[in-house]
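Structural overview
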Amino acid sequence: MKRHIISILIENEAGALSRVAGLFSARGYNIETLTVAPTEDASMSRMTVVTSGSDEIIEQITKQINKLIDVVKLVNLSESTHIERELMMVKCRAIADKREDINRLCDRFRGNILDETPTSFVIELTGEKSKLDDFLKGISEDHIIEVVRSGTTGILCGERGFNA
């Protein structure tokens, strides 16, 4: 089972997202992360789906997605050199001596403290999934209050663009 990052340029139409997600659920395939946002063209959105499967399964999924009328273009970023990032915000308890430990960890992972109270921090981090996972391992579970993650998004490297 190989991890795949599928980027889809889709028309901003009601139900377009649910039709793409429906293809996965109808076939019993799991979506690990899903991000959607408008592009520089307000009539289009870019959807990034992270899933796992054999090359044959992913090929079947991409063929089915390409048949949807709202889909303008699809690229499996995993097949090319790409950059992927995820955003995470962590709210954690930060009392007494633990505050300095969390500050050092935040600096080491290039995180930003967005909110600070006498007893807590809200920290923002961006990076690959593994980096964010490693940050969470650095904070003991009993200090974590809440974690919010955006899911993976990605872009091809070089001058090659994704737009239709």
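Treat the numbers as computed from the prediction; the structure is a model and nothing was measured.

Some remarks on the overall build of the chain
A count of helices and strands for the chain gives four helices and nine strands. Seen through its principal axes, the chain has C-alpha atoms that stretch 55 × 35 × 30 Å. Looking at the chain as a whole, 38% of its 164 residues qualify as buried. With the model as given, the accessible surface of the chain reaches about 9300 Å², and the carbon-plus-sulfur share is 50%.

Re a nonpolar patch on the surface
Together, Leu87, Met89, Leu114 and Val148 give the surface a local cluster of nonpolar side chains, amounting to about 300 Å² of exposed area. Overall, the relative accessible area of 33% leaves Met89 in the partly exposed class.

Quick look at the pattern of salt bridges
Scanning the model with the defined rule gives 11 salt bridges in all. In this structure, Asp101 and Arg104 form a salt bridge, with 2.6 Å as the shortest nitrogen-oxygen distance. Residue Asp101 and its partner Arg104 are located together in helix 3 (residues 97-108), separated by three residues, close to a single helical turn. Asp134 is the salt-bridge partner of Lys137, the closest N and O atoms lying 3.9 Å from each other. A residue pair is termed a helical-turn pair when its members lie 3 or 4 positions apart in one helix, as Lys137 and Asp134 do in helix 4 (residues 129-138) at three residues. Overall, the relative accessible area of 67% leaves Lys137 in the exposed class. The network of salt bridges with common partners includes Glu86, Lys129, Asp133 and Arg149.

A closer look at helix 2 (residues 55-66)
Within an α-helix, residues lying three or four positions from one another point in the same direction, as the helix has 3.6 residues per turn. In a regular helix each residue adds 1.5 Å, so 12 residues correspond to 16 Å; helix 2 covers 16 Å between its end C-alpha atoms and thus fits that length. Those residues of helix 2 lying buried are Ile58, Ile61, Thr62 and Ile65. With its buried residues spanning 95° around the axis, helix 2 presents them on a single face. Along its buried surface, helix 2 packs onto strand 1 (2-11), helix 1 (16-26), strand 3 (44-53) and strand 4 (71-76).

Let's talk about the packing of helix 1 against helix 2
Helix packing for two helices is described by the angle between their axes and how far apart those axes are. The interhelical angle for the contact between helix 1 and helix 2, taken along N-to-C directions, is 145°, at an axis separation of 10 Å. Read as a crossing pair, helix 1 and helix 2 show a hand that is right-handed. In contact with Val20, Leu23 and Phe24 of helix 1, helix 2 contributes Ile61, Gln64 and Ile65.

Digging into the side chain of Arg46
For Arg46, the location among the structural elements is in strand 3. For Arg46, the side chain forms a polar contact with the side chain of Ser7, separated by 2.7 Å. Engagement of the side chain of Arg46 in a polar contact is seen with the backbone oxygen of Gly154, the distance being 3.1 Å. Those residues in contact with Arg46 that lie beyond four places of it in its chain are Ser7, Ile8, Thr35, Val36, Ala37, Thr39, Leu77, Gly154, Ile155 and Phe162.

Procedures and definitions
- Residues numbered from 1 in each chain as written.
- Predicted model: local features only at pLDDT ≥ 70, side-chain atom pairs only at ≥ 80, totals over all residues.
- Heavy atoms only, no water.
- Helix = DSSP H or I, 4+ residues; strand = E, 2+ residues; numbered from the N terminus.
- Buried < 20%, exposed > 50% of the residue type's maximum accessible area, 1.4 Å probe, protein only.
- Areas by Shrake-Rupley, 256 points an atom, 1.4 Å probe, with all protein chains shown as cover.
- Patch = residues over 30% accessible without salt bridge, like charges linked within 9 Å, V, L, I, M, F, W, Y side chains within 5 Å.
- Salt bridge = Lys/Arg side-chain N within 4 Å of Asp/Glu carboxyl O.
- Expected span 1.5 Å × (residues − 1).
- Arc of directions from axis to C-beta.
- Contact = heavy atoms within 4.5 Å.
- Axes fitted to C-alpha atoms, helices over the stretch in contact; angles between N-to-C directions.
- Left-handed = near helix turned anticlockwise from the far one by under 90°.
- Polar contact = N/O pair within 3.5 Å; in protein donor to acceptor, adjacent residues only side chain to side chain.

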